[in-house]
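Structural overview
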Amino acid sequence: MDLRAGDSWGMLACLCTVLWHLPAVPALNRTGDPGPGPSIQKTYDLTRYLEHQLRSLAGTYLNYLGPPFNEPDFNPPRLGAETLPRATVNLEVWRSLNDKLRLTQNYEAYSHLLCYLRGLNRQAATAELRRSLAHFCTSLQGLLGSIAGVMAALGHPLPQPLPGTEPAWAPGPAHSDFLQKMDDFWLLKELQTWLWRSAKDFNRLKKKVQPPAAAVTLHLEAHGF
Amino acid sequence: MAAPVPWACCAVLAAAAAVVYTQRHSPQEAPHVQYERLGSDVTLPCGTANWDAAVTWRVNGTDLAPDLLNGSQLVLRGLELGHSGLYACFHRDSWHLRHQVLLHVGLPPREPVLSCRSNTYPKGFYCSWHLPTPTYIPNTFNVTVLHGSKIMVCEKDPALKNRCHIRYMHLFSTIKYKVSISVSNALGHNATAITFDEFTIVKPDPPENVVARPVPSNPRRLEVTWQTPSTWPDPESFPLKFFLRYRPLILDQWQHVELSDGTAHTITDAYAGKEYIIQVAAKDNEIGTWSDWSVAAHATPWTEEPRHLTTEAQAPGEPALCPLPGTLSCSSAGGCHTLCTNPAAPRSLPVGHPWQGSWGRGVVPEPWEAGSACRGRRGTFERRVGGSLLGEATPA
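Residues numbered from 1 in each chain as written. Chains lettered and ligands numbered in written order. Predicted model: local features only at pLDDT ≥ 70, side-chain atom pairs only at ≥ 80, totals over all residues. Heavy atoms only, no water.

Stated formally: UniProt positions are given in the numbering used here, feature names are shortened, and annotations may be inferred rather than shown by experiment.
In the nomenclature of an unreviewed UniProt entry, chain B corresponds to Ciliary neurotrophic factor receptor subunit alpha from the organism Oryctolagus cuniculus. Turning to chain B, the UniProt record has this under Sequence similarities (unreviewed entry): "Belongs to the type I cytokine receptor family. Type 3 subfamily." According to its UniProt record, chain B has this under Function (unreviewed entry): "Binds to CNTF. The alpha subunit provides the receptor specificity."

Per an unreviewed UniProt entry, chain A goes by the name Cardiotrophin-like cytokine factor 1 and belongs to Oryctolagus cuniculus. Reading the Sequence similarities (unreviewed entry) entry of the UniProt record for chain A gives the comment "Belongs to the IL-6 superfamily." Looking at the Function (unreviewed entry) heading of the UniProt record, one finds this comment for chain A: "In complex with CRLF1, forms a heterodimeric neurotropic cytokine that plays a crucial role during neuronal development. Also stimulates B-cells. Binds to and activates the ILST/gp130 receptor."

1. Notes on the state of the cysteines
All names here are of chain B. To keep it simple, the criterion reads: We call a pair of cysteine sulfur atoms a disulfide whenever their separation is within 2.5 Å. Starting at the N terminus, helices and strands are each numbered in turn, a helix being any DSSP run of H or I of at least four residues and a strand any DSSP run of E of at least two. Here the term buried applies to any residue with accessible area under 20% of the maximum for its type, exposed to any over 50%, and partly exposed to those in between, with areas from a 1.4 Å probe on protein chains only.
Per the stated rule, a full pass over the model turns up three disulfides over all chains. Covalent S-S linkage joins Cys46 and Cys89, the inter-sulfur distance amounting to 1.8 Å. Because the torsion about its S-S bond is 75 degrees, the bridge between Cys46 and Cys89 counts as right-handed. Placement of Cys46 in the loop between strand E2 (42–44) and strand E3 (55–59) and of Cys89 in strand E7 (residues 85–91) is noted, with a sequence separation of 43 residues between them. The burial state of Cys46 is the same as that of Cys89; both residues are buried.

2. Points about the pattern of salt bridges
Residues and elements named next belong to chain A. To keep things clear, this is the line we draw: When a carboxyl oxygen of Asp or Glu lies within 4 Å of a side-chain nitrogen of Lys or Arg, that pair is called a salt bridge.
Using the criterion set out here, one finds 18 salt bridges over all chains in the structure. Linking Glu190 and Arg78 is a salt bridge whose minimum nitrogen-to-oxygen distance equals 2.8 Å. Taken as a pair, Glu190 in helix H6 (residues 177–208) and Arg78 in the loop between helix H2 (37–65) and strand E1 (89–90) lie far apart in primary sequence, 112 residues in all. Each of the two residues, Glu190 as well as Arg78, counts as buried. Its salt-bridge partner being Arg95, residue Glu92 comes within 3.9 Å of it at the nearest N-O pair. Within this pair, Glu92 and its partner Arg95 are both found in helix H3 (residues 91–95), separated by three residues, close to a single helical turn. In this structure Arg95 comes out as partly exposed when scored by relative accessible area, which is 25%. Residues participating in the shared-partner salt-bridge network are Arg48, Glu51 and Arg55.

3. With respect to the sheet that holds strand E17 (residues 188–196) of chain B
In sheet architecture, strand pairing relies on hydrogen bonds along the backbone and comes in two forms, parallel and antiparallel. Residue and element names in this part refer to chain B. Put simply, the rule reads: Two strands qualify as a pair provided that DSSP identifies no fewer than 2 bridges between them. In this description, a line fitted to the C-alpha atoms serves as the axis of each element, helices being fitted only across the stretch in contact, and the angle between N-to-C directions of two axes falls anywhere from 0 to 180 degrees.
Taken together, the four strands give an open sheet; going across it, the order is E12-E11-E16-E17, and neighbouring strands pair in antiparallel fashion. Strands with a single pairing partner mark the edges of an open sheet, and in this sheet they are strand E12 (150–152) and E17. Direction aside, the axes of adjacent strands within the sheet are offset by 25 degrees on average. Direction of pairing for strand E11 (residues 140–147) relative to E12: antiparallel, over a ladder of three bridges. Pairing of Leu146 across the sheet is with Ile151, part of E12.

What follows is the structure, given as structure tokens:
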């Protein structure tokens, strides 16, 4: 993608690249550690906190976008925003996800979403909105770190981006104001849905990863990404 | 006027021929079914009979007064529900049945009330509907479910005719569901639709098998257990949290406890000896709304055997037979007793039993027994139990 001066999308791509190379959290010391349970619980709690924070942020932002985006019955078709990570998944597929895949999908989704949110922040008109968005981005960054911690505790490597799959949400040549607002709407909606899904994902992980002894065996299985 | 006369003459001849024709050739028809609106007026012609044909009308076998007739047509004004029935008209002389009308009086449908709920998340959800007011005639309902642009199948409930079920194919969808219903009958048509997100309609069924038990040797405890509703398919991956409420039967104020885990709880602040009513509600940990309250459980905390059993009917732990907290009264002679018309009322009250006197109310802090001395200062009466001053009063 070409980086014209002042091109916000170019800056976005740059930032996103930086994000993908988050330092991996070192694996916890195996001897005497309580296992991944507490960090799974912490991640679960973070999703709840973020979901709560998002509710007020989304309300404010949608009001800023104005009608019809802030109407409760607004039910547009899902057009555009194809690169947004979708939380929706077939029920059986979701149930049968292995731990590594479950965590990876969460991690990748929030990495993308954080990128897009930072793009949103750049365009936000009022200082108050920028402040709220910045605060939310920080919290979301914390969630990413927490997920990374769980992955490390379970012995899974952090996902590395393959070349060409970097989030490149470039707008079309004549990306109108309305379409931009639609993209914002779907971003917030997808973020909210992901947070609900993550709560369920981490619930499932909590139940499966109970005894600390199991963590050692999982570490051995994690080779070969 | 010469011209109309021959014309009128021909008309009469033609009509007469027609009457003769229809009398000979009209077949015995099945009753014509007709729906009419409540409160309206209707004119029932006697089939193809001439306006001035001599006919008699009957409804459900009963003759109708001729003043309702307009020629051979039956006129009914201001239709009521009672007008529904089988109307038949007969040729007056031959009693030949000419025509039958099965009349149904009803109303066009008002806008239906539609609601959807998922008590089996993540399996699916169901939608129910009803009409706010009856139409008195048969209605047909047609339900369509759209998820974005995709049409989903709503399977009819095997038992309830106003309900159908939809299975979730995908979870965690950002696209809303739109459920539309149209209702129609012979007199009209109406429709409505609702739109909602997957998460907002989640509402589990109430917890099942709520049981409350006293805890031996613990006069202020009650142990409550319950089960997750059997309709909730996956409590492991979709855990429920619970809300417990309890109060003694004699009070109106509920106590509340929210529990994020487990299906048991011990109440530790129950009033001794009082019968409690306990209910539990459930909610998915993260999404949706609280269920309705469960069926109530009743229990009374454990109480010690009373030392002076003044009445055989009074078993330990049973509530005092006095209505509302026992009314205590002190007489100027210095005795205290319960003022109840019920002769089986207890003469002693356990710790924690609420009492109410003409000067106030409280809770018995120590066991009180009939005949405890009341000491009175001049103009004032004190009530003492075991040496502690409980209250004072001045005589009326």
